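# Secondary and tertiary structure notes
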Amino acid sequence: MTLEVYRGDTMQLTIRLTNGGEPFTPTDEKVVFTVGRYKEVQFSLEADGEGVVRIPHEQTNALTPGEYKFDVRVYDGAKTLVATPVVGTLRVLEVVNHDLL
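Described below are features of the structure shown in this document.

What counts as what
Residues numbered from 1 in each chain as written. Predicted model: local features only at pLDDT ≥ 70, side-chain atom pairs only at ≥ 80, totals over all residues. Heavy atoms only, no water. Pairing = 2+ DSSP bridges. Helix = DSSP H or I, 4+ residues; strand = E, 2+ residues; numbered from the N terminus. Axes fitted to C-alpha atoms, helices over the stretch in contact; angles between N-to-C directions. Salt bridge = Lys/Arg side-chain N within 4 Å of Asp/Glu carboxyl O. Phe/Tyr/Trp six-rings, centres within 6.5 Å; stacked < 30°, edge-to-face > 60°. Buried < 20%, exposed > 50% of the residue type's maximum accessible area, 1.4 Å probe, protein only. Lys NZ or Arg CZ within 6 Å of the ring centre and 35° of its normal.

### Digging into the sheet that holds strand 6 (residues 40-46)
- Strand order in the open sheet made by the five strands is 1-9-8-5-6, with mixed pairing throughout. Each edge of the open sheet is held by one strand with a lone partner, namely strand 1 (2-6) and strand 6. Looking at each pair of strands side by side, their axes are set apart by 30 degrees on average, direction ignored.
- As judged from the seven bridges shared by strand 5 (residues 30-37) and strand 8 (residues 66-75), these two strands associate in the antiparallel manner. Counterpart to K30 in the pairing with strand 8 is Y75.

Take a look at the structure:
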């Protein structure tokens, strides 16, 4: 899976997980979206109760254009890793102008 975002843009992802083909709605579990490069974490954000991860423009603006890896992990209430159901590539695209006119 590949996601693309322009550097400096906000991004919103809705994560829908299943367990045995049935929708999985976390109760005590936490769903965490993490972006990294060369095994160095750039940022991690927790999904809200609806499975939405909001990535503010400050996060994408801090990234150098190029490819990063991401994963979605599920942790239990004791912060123990339960599963890594999604992995992929986040492609940060260059923009021409960051300044307002």
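### What to know about the pattern of salt bridges
- All told, the structure shown has five salt bridges when counted by the stated rule.
- The partner of R91 in a salt bridge is E4, and the shortest N-O contact between them spans 2.9 Å. Here the residue R91 occupies a position in strand 9 (residues 81-93), and E4 occupies one in strand 1, the gap between them amounting to 87 residues.
- Measuring nitrogen to oxygen at the nearest pair gives 3.0 Å for the salt bridge that ties R91 to E67.

### Remarks on the packing of aromatic side chains
- Tallied over the entire structure, the rule returns one aromatic pair.
- Look at F33 and F70: their rings are 5.4 Å apart centre to centre, the planes differ by 35 degrees, and that puts the pair in the tilted class. Here F70 lies in strand 8 and F33 lies in strand 5, a separation of 37 residues in the sequence.
- For F33, a relative accessible area of 1% puts it in the buried group.
- Residue classification places F70 among the buried residues on the basis of a relative accessible area of 4%.
- Across from the ring centre of Y68, 4.2 Å away, lies the NZ or CZ of R37, which sits over that ring.

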